[in-house]
Amino acid sequence: MSANLTRIQLDAIVHALAVALPARSPADAVLKHFFRDHKALGSRDRALVADTVYSVLRRRRLLEALTPSAAPRELALASLVKLQGYGIGSLEPVLRGAERTWLAALKAEDVDRQPFEIRADLPDWVIARLRRRLADEEILALAKSLQHPAPLDLRVNTLKAPREAVLQRLEADGTPAAPTRWSPLGVRVREKVALNKHPMYLDGAVEVQDEGSQLLGLLVEPRRSDLVVDFCAGAGGKTLQLGAAMGSHGRLYAWDVSDKRLANLTPRLRRSGLSNVHPQRIAGENDTKVKRLRGKADRVLVDAPCTGLGTLRRNPDLKTRQTEEGLAELNAKQSAILEAAGSLVKPGGRLVYGTCSLLEEENEAVVDRFLAAHPDFALVPCGEVLARQGLSIPGCERYLRLLPHVHDTDGFFAAVLQRAA
């Protein structure tokens, strides 16, 4: 990079890191507040601050090992030189004391000589769990794929436009895009774009949704006349996908415990043109709304709260924010939610359990416990469900197991469970 770094830019990066590194809140929320308090920063400066903060969060273990005291200023300079392609000369105007000397040594440092844990840049407790079923070579391939920013995937709302028309429109607008590799509904945008101002986004023809999330939605296979419950709807990406798959017919409940998340669904729902979606806040898995629908749902989707470790490309702060103690709490919550969701399914109906986690404890172990307690439910191989839709995804025969280094999606897990008729 030829442009020199300015003192204003470095100061902004250092201040942003100082508030982001404690990881008490999600990094995107921290940056949103930071930029609100620093309105004088231009768009290019904001982009540089955000890129550097995320770069530091993605490779935090490495940078802390390579810097003298791991202070925010050192981490910022180390990231710019080692990870973001800045030459030391372009930082010259802002360097002080011995910084030039250690940055020169840093630039020459061979990262591949670092210990395994630092190259993987994952918490020790996560590595220990992954080692239960993956060799170190595969863990490293997975870990390295999580160190890169995620691509921008869109889901086409087929009620508004076919995928081909969306691709042609993006191309005509100078936004290079391609069909996603696995999902028949997906479009991958090749470079950053201000999507929220694009006519197709404003019209509801496209929604931001990772390809892996789209594949999880495809496992539900809702029919037009079905009663469907999205048990942990969040901001409703999969809800909108299911509503479109139902052709805006039937009845689709979007449940969540968070008013804020459901509020984020409202404008998306308006754009989508769907009339079959009913967002409802529930107080928890024992809410009266849950009890009222027991044994009545044709399809229930549980995208369970989890560590989110499959989304580290987008949310690298989770490496710091998630803990072993938190994992135990999540496991109890996952089992309780799956239990409640299972009670909604009518005989012959389908329950889909999914997470964006890489850990067996949040995935297969939760499903195994549920099946052991509920002999009237049986596992349906995900490969069979996908094959009906003309899809064949390697490694997803029994469960949906998506991995960034294999499938180039976020890390996702899903199991399809059928209740006996």
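Structure: see above.
Quantities reported herein were computed from a predicted structural model and do not represent experimental measurements.

### What to know about the packing of helix 3 (residues 43-58) against helix 5 (residues 72-82)
Right, so step 1: Remark: helix 3 packs on helix 5, axes separated minimally by 9 Å, with the N-to-C direction vectors making an angle of 95 degrees. With respect to their mutual orientation, helix 3 and helix 5 come out roughly perpendicular. Residues L48, T52, S55 and V56 of helix 3 lie in contact with helix 5, whose contacting residues are L75, A76, S79 and L80.

### Concerning the pattern of salt bridges
Right, so step 1: Scanning the model with the defined rule gives 36 salt bridges in all.
Right, so step 2: Across the salt bridge formed by E64 and R60, the nearest N and O atoms sit 3.0 Å from each other. Of this pair, E64 and R60 both sit in helix 4 (residues 60-66), separated by four residues, roughly a single helical turn.
Right, so step 3: For R314, the salt bridge is made with D210, and the minimal N-O distance between the two is 2.7 Å. Of this pair, R314 sits in the loop between strand 8 (297-303) and helix 17 (318-321) while D210 sits in the loop between strand 4 (206-208) and helix 13 (211-218), and the two are 104 residues apart along the sequence.

### Overview of the nonpolar core
Right, so step 1: Counting 41 residues, the largest nonpolar core has L5, L31, V49, V53, L91 and L103 as the members making the most contacts within it.
Right, so step 2: Where this core is concerned, the elements lending two or more residues are helix 1 (7-20), helix 2 (27-37), helix 3, helix 4, helix 5, helix 6 (88-91) and helix 7 (99-108).
Right, so step 3: Beyond its immediate chain neighbours, meaning those up to four positions away, V49 contacts A12, I13, A16, L31, F34 and F35.
Right, so step 4: Counting 35 residues, the second-largest nonpolar core is a separate cluster that includes C306, V352, C356 and A414.

### Here's the deal with the packing of aromatic side chains
Right, so step 1: Scanning the entire structure with this criterion turns up five aromatic pairs.
Right, so step 2: Here F370 and F377 contribute two aromatic rings whose centre-to-centre distance is 5.1 Å and whose plane-to-plane angle is 65 degrees, an arrangement assigned as edge-to-face.
Right, so step 3: On the basis of relative accessible area, F370 is assigned to the buried category, the value being 4%.
Right, so step 4: Note on F377: relative accessible area 6%, which makes it buried.
Right, so step 5: Pairing Y399 with F413 gives two aromatic rings, centres 5.1 Å apart and planes at 40 degrees, and the pair type is tilted.

### Description of empty space enclosed by the protein
Right, so step 1: Considering all chains together, one arrives at one cavity of 30 Å³ or more under this definition.
Right, so step 2: Approximately 50 Å³ is the volume found for the largest cavity.
Right, so step 3: In terms of lining residues, the largest cavity is bounded by R155, N157, G204, E207, L240, A244, R268, R271, S272 and L274.
Right, so step 4: Counted by class, the lining of the largest cavity contains three nonpolar, three polar and four charged residues.

Quick notes on the rules
Residues numbered from 1 in each chain as written. Predicted model: local features only at pLDDT ≥ 70, side-chain atom pairs only at ≥ 80, totals over all residues. Heavy atoms only, no water. Axes fitted to C-alpha atoms, helices over the stretch in contact; angles between N-to-C directions. Helix = DSSP H or I, 4+ residues; strand = E, 2+ residues; numbered from the N terminus. Parallel < 35°, antiparallel > 145°, perpendicular 65-115°, else oblique. Contact = heavy atoms within 4.5 Å. Salt bridge = Lys/Arg side-chain N within 4 Å of Asp/Glu carboxyl O. Core = buried A, V, L, I, M, F, W, Y, C linked by side-chain atoms within 4.5 Å. Buried < 20%, exposed > 50% of the residue type's maximum accessible area, 1.4 Å probe, protein only. Phe/Tyr/Trp six-rings, centres within 6.5 Å; stacked < 30°, edge-to-face > 60°. 1 Å grid on protein atoms, 1.4 Å probe; cavity = no way out; pocket = protein on both sides within 12 Å on 5 of 7 lines; lining within 4 Å. Points joined across faces, edges and corners; volume = space filled by probe spheres on them. Nonpolar A, V, L, I, M, F, W, Y, C, P; charged D, E, K, R; others polar.

Without other data, these values stay purely geometric and don't point to any function.
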